[in-house]
Each structure stands twice: as C-alpha cells, then as structure tokens.
Amino acid sequence: MTALPTAPPGPTGPTAPTEQSAPTTAVHRVFVVRELGIALALLLLVAVTFATNTRFLSAQNVKDLLLGSTILAILAVGQAIVIITRNVDLSVGSILGLAAFATGTMLQSAPGLPIPVAIVVGMALGAACGAVNGGLIAAARVPALVVTLGTLYVFRGIDYTWATGRQINAADMPHGFLRMGNASILGIPVLALFAVVVLVAAGLFLRWYRSGRELYAIGSDPDAARLYGIPVGRRVFWAFVTSGALAGLAGVLHAARFGTIDANAGLGQELNVVAAVVVGGVAIFGGSGSVYGAALGAVLLTTIGSALPVLGINPFWQRAAVGALILAAIGLDRSLAVRMARRLRGGSDRGR
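Residues numbered from 1 in each chain as written. Predicted model: local features only at pLDDT ≥ 70, side-chain atom pairs only at ≥ 80, totals over all residues. Heavy atoms only, no water.

- Per an unreviewed UniProt entry, the protein chain carries the name Autoinducer 2 import system permease protein LsrC and comes from Asanoa ferruginea.
- What UniProt states about the protein chain under its Function (unreviewed entry) heading is, verbatim, "Part of the ABC transporter complex LsrABCD involved in autoinducer 2 (AI-2) import. Probably responsible for the translocation of the substrate across the membrane."
- In its Subunit (unreviewed entry) section, the UniProt entry covering the protein chain states "The complex is composed of two ATP-binding proteins (LsrA), two transmembrane proteins (LsrC and LsrD) and a solute-binding protein (LsrB)." (UniProt positions renumbered as here; feature names shortened; annotations may be inferred.)

Following this line, the structure appears as structure tokens:
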C-alpha cells in the first residue's frame, strides 16, 4: 500500500492540487478512516472515563493531559517521518535526554540567555545527533535498527558521562524558562502550541511539497524510487536530521516542564514513541500513514495512562493495553493492505 503522489511532482517547492486518480483517492480515504478510527477510540475512552468520574475533564486535568501528550506528540511526528521512509529511529529518547541536560546546563551557566536561543541550540544538538544516524544509514547503508540501537547507547553514555550523577534542579533554572513550561494562552498550554506548530508544518510538508511526498515513494519501494530518480539517501538523511531536531526540541520542552533534569531524562521513551506512531496508523514497513495519526496516537496513549486509574483498573495494565492496541493496529494495517491490493487488482483487470 502506498501513498505515492497523485501526479508527477512539480519541479519546485509546493505543488498545486491536481485531479486525483481513483486508486490514490481510495488510499487517501483509507488514511481518513484510520485517523477517524483513532479519534473515535479516543472520544469513547474519554466519554467512558468522564461518565465514571466527571472530574476527568476538569480544566486542570485537561491541561495535564495536553502537557503529557506534548512531548510524546513532537517525538511521534519526527518518528513518523522516519518510519514512512521504511526506517526507524530508536535513539530519540537518548537525544531528548542529551538535549534536556544540555539546555539545563546552558541556562544554569547563563541565566540571561534568551529562550529562543536555548531552543535553537537544543534543536541543533538534536539535529547533529540525527545527522550521525542519517549519515551512517544513508552513506554506509547500514540498517536503521542497528545504527539507532547503537547510538541509543552512545548518546545515553555521553549524557551519563557529562552528568556524572549530577542533577539540575528547578532552583538553578531561570524563572522565565520555567514559566514557559506551565504558562497557558486561552487555556491552552504554551508547550502544546509548540506541538501544534510542529504538527501542522510537518503535515503540510508531507502533503504539498515534492520532497515530502517522495518520502512516501521511498517507503513504498526504495528501488523503484531510485529508478524514478529520487535521491533516496539524501531524503533518508534529512528525515533522520528532522527526527533528531524534533527530539532536541522535545528535550528543551522537557527541561521547561519538569525543571529537574538528570541523565535519565527520556529513558525508555523511544518505545512509547514507536508505539504511538504504529497505533496512529503509520505502517511500520513504511510508505503510508500521516503525522496527524501519529499525534493522535500519542494523545491516545497518554489518555489511556490517565484513564485507567480513574476506571479502577490497575495501571500495570496500561502496557498490556498499549500492546493490544499495537497488535490491533498492525492487524488493521495488514487487512487494509490486502483489501487495497484486491481493489487495485480488480481495477487493473477491468481496465484490460
């Protein structure tokens, strides 16, 4: 199943909408159904939990849910871009931890540093880590699973060596930076607005830009993409750089939200990110899915974690619930792929 462009991409930048062929329209419809299913599952969970305890949708709890989803959603957007190219980035949790500790150390040493500068430095550090991943994968053609598993430990080791058991406390951080972690605009946490901007920008890029749509072609069939003239190695490299930069941004936001940082920040987060992306309908074998679904998956997993205690279910069942959702998502993806293949074969036969 693919999400190939509806027409040959234009020579530059954004492309204008074109008349869609029937198979592509059907694929687009599948995406809508996938995301609609996740949204309905989320609404059902919220409705059942609210019926059990009306305080579940209190202003403070909604704010906590949004804050809890923000960092995971940003990581999921970057991971979705990578997985669409038929790769995976297991190092995002370590990059987040490294960027968070770097941000804390930097602001501790220079409290007057403007917040935008801290964000740029954190994203640049993450992008550099992503460039290491992308360079090894694209240039050396080493499997992404192996490379990012190795850099997961390398980046975390650098973090541990740098921290040497030290912890940065909220008292050591500038008040303005910590206020950003808890401030709201019209009831929406500022950190959640970061996630919205990232989500919209990534969604528009993948939908309307030639290089964004080429990522789907690469994930669908890398060899065919090369024959088509797509620079596969370069596109995969930048996909990892983007994922690293977003993990760096997530590290800065993690520091702003929690204030207290040590070398364990983001430990194990990579598995939650992959789970959110898969539950969100992004095919683990690449070529289909959207960042909107990945973000919805992040919100759904965060909501499950908050809803289970309210429903009187042991929180230890959360991991089992997430595992069941992953299996269901993979089963649904496989079912849709088979149905789509049959439909395309049927259309091809009728066209003869």
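After that view, the rundown keeps rolling.
1. Brief notes about the nonpolar core
Line of reasoning, step 1. Judged by nonpolar contacts, the single largest core of 72 residues is most densely connected at Leu75, Phe177 and Val291.
Line of reasoning, step 2. It is helix α2 (residues 59-84) that contributes the most residues to this core, 13 residues altogether.
Line of reasoning, step 3. When residues no more than four places from it in sequence are discounted, the contact partners of Val291 are Val77, Ala80, Ile81, Leu199, Ala202, Gly203 and Leu206.
Line of reasoning, step 4. Formed by 11 residues, the second largest nonpolar core is a distinct cluster that contains Ala144, Ala217, Ala225 and Phe240. (Core = buried A, V, L, I, M, F, W, Y, C linked by side-chain atoms within 4.5 Å. Buried < 20%, exposed > 50% of the residue type's maximum accessible area, 1.4 Å probe, protein only. Helix = DSSP H or I, 4+ residues; strand = E, 2+ residues; numbered from the N terminus. Contact = heavy atoms within 4.5 Å.)

2. So, the pattern of salt bridges
Line of reasoning, step 1. The full count for this structure, using the stated rule, is 4 salt bridges.
Line of reasoning, step 2. Beyond isolated ion pairs, a larger network of salt bridges with shared partners links Arg210, Glu214 and Arg235. (Salt bridge = Lys/Arg side-chain N within 4 Å of Asp/Glu carboxyl O.)

3. Examining a nonpolar patch on the surface
Line of reasoning, step 1. Together, Phe50, Leu57, Val62, Leu66 and Ile188 line one region of the surface with nonpolar side chains, adding up to about 360 Å² of accessible area.
Line of reasoning, step 2. You can see Phe50 is positioned in helix α1 (residues 22-52).
Line of reasoning, step 3. Owing to a relative accessible area of 35%, Phe50 belongs among the partly exposed residues under this scheme. (Patch = residues over 30% accessible without salt bridge, like charges linked within 9 Å, V, L, I, M, F, W, Y side chains within 5 Å. Areas by Shrake-Rupley, 256 points an atom, 1.4 Å probe, with all protein chains shown as cover.)

4. Section: unusual backbone geometry
Line of reasoning, step 1. Although it is not a glycine, Arg86 sits at a positive phi angle of roughly 70°.
Line of reasoning, step 2. You can see Arg86 is positioned in the loop between α2 and α3 (92-109).
Line of reasoning, step 3. Of the residues examined, Arg86 reaches a relative accessible area of 41% and is grouped as partly exposed.
Line of reasoning, step 4. In this structure, Thr164 is a non-glycine residue whose phi angle is positive, near 45°.

5. Some thoughts on helix α4 (residues 115-140)
Line of reasoning, step 1. End to end, α4 covers 37 Å across 26 residues, agreeing with the expected 38 Å (1.5 Å per residue, within 8%).
Line of reasoning, step 2. Looking at the buried residues of α4, the elements they touch are α3, α5 (144-163), α7 (190-208) and α10 (232-258).
Line of reasoning, step 3. Positive backbone phi, at 55°, marks Arg141, one or two positions downstream of α4. (Expected span 1.5 Å × (residues − 1).)

6. Comments concerning the packing of aromatic side chains
Line of reasoning, step 1. By the definition in use, this model includes 3 aromatic pairs.
Line of reasoning, step 2. Where Phe237 meets Trp238, the ring centres are 5.4 Å apart and the plane angle is 80°; that geometry is what we call edge-to-face. (Phe/Tyr/Trp six-rings, centres within 6.5 Å; stacked < 30°, edge-to-face > 60°.)

7. Some points on the confidence of the model for the protein chain
Detailed conclusions should not be drawn from predicted coordinates in areas where pLDDT is low.
Line of reasoning, step 1. Per-residue confidence for the protein chain averages 86 on the pLDDT scale, and 88% of its residues sit at or above 70.
Line of reasoning, step 2. The secondary-structure element of the protein chain with the lowest mean pLDDT is helix α13 (residues 317-351), recorded at 71, while α10 shows the highest, at 96. (pLDDT = per-residue confidence, 0-100.)

8. Digging into the UniProt feature "transmembrane region" (unreviewed entry) in the protein chain
Line of reasoning, step 1. When the UniProt feature table is mapped to this numbering, "transmembrane region" (unreviewed entry) covers residues 36-53, 65-84, 117-138, 144-162, 183-206, 236-259, 271-304 and 316-336.
Line of reasoning, step 2. Within residues 36-53, the helical portion is 94% and the strand portion 0%, while the C-alpha atoms at the span's ends are 25 Å from each other.
Line of reasoning, step 3. Each end of residues 316-336 is marked by a C-alpha atom, and these two atoms are 31 Å apart; helix forms 95% of the span and strand 0%.

9. Quick word on the side chain of Ser91
Line of reasoning, step 1. Within the secondary structure, Ser91 sits in the loop between α2 and α3.
Line of reasoning, step 2. Residue classification places Ser91 among the buried positions, given a relative accessible area of 0%.
Line of reasoning, step 3. Of the polar contacts made by the side chain of Ser91, one reaches the side chain of Asn133; its length is 2.9 Å. (Polar contact = N/O pair within 3.5 Å; in protein donor to acceptor, adjacent residues only side chain to side chain.)

10. Observations regarding the packing of α2 against helix α11 (residues 269-279)
Two packed helices can be described by the angle between their axes and the distance between those axes.
Line of reasoning, step 1. Where α2 contacts α11, the axes come no closer than 8 Å and their chain directions differ by 70°. Put simply, α2 runs roughly perpendicular to α11. For the element pair α2 and α11, the recorded crossing hand is right-handed. Where α2 abuts α11, its residues Ile71, Leu72, Leu75, Ala76, Gln79, Ala80 and Ile83 lie against Gln269, Asn272, Val273, Val274, Ala276 and Val277.
Line of reasoning, step 2. Classifying every residue of the contact of α2 with α11 by side-chain character gives 10 nonpolar, 3 polar and no charged. (Axes fitted to C-alpha atoms, helices over the stretch in contact; angles between N-to-C directions. Parallel < 35°, antiparallel > 145°, perpendicular 65-115°, else oblique. Left-handed = near helix turned anticlockwise from the far one by under 90°. Nonpolar A, V, L, I, M, F, W, Y, C, P; charged D, E, K, R; others polar.)

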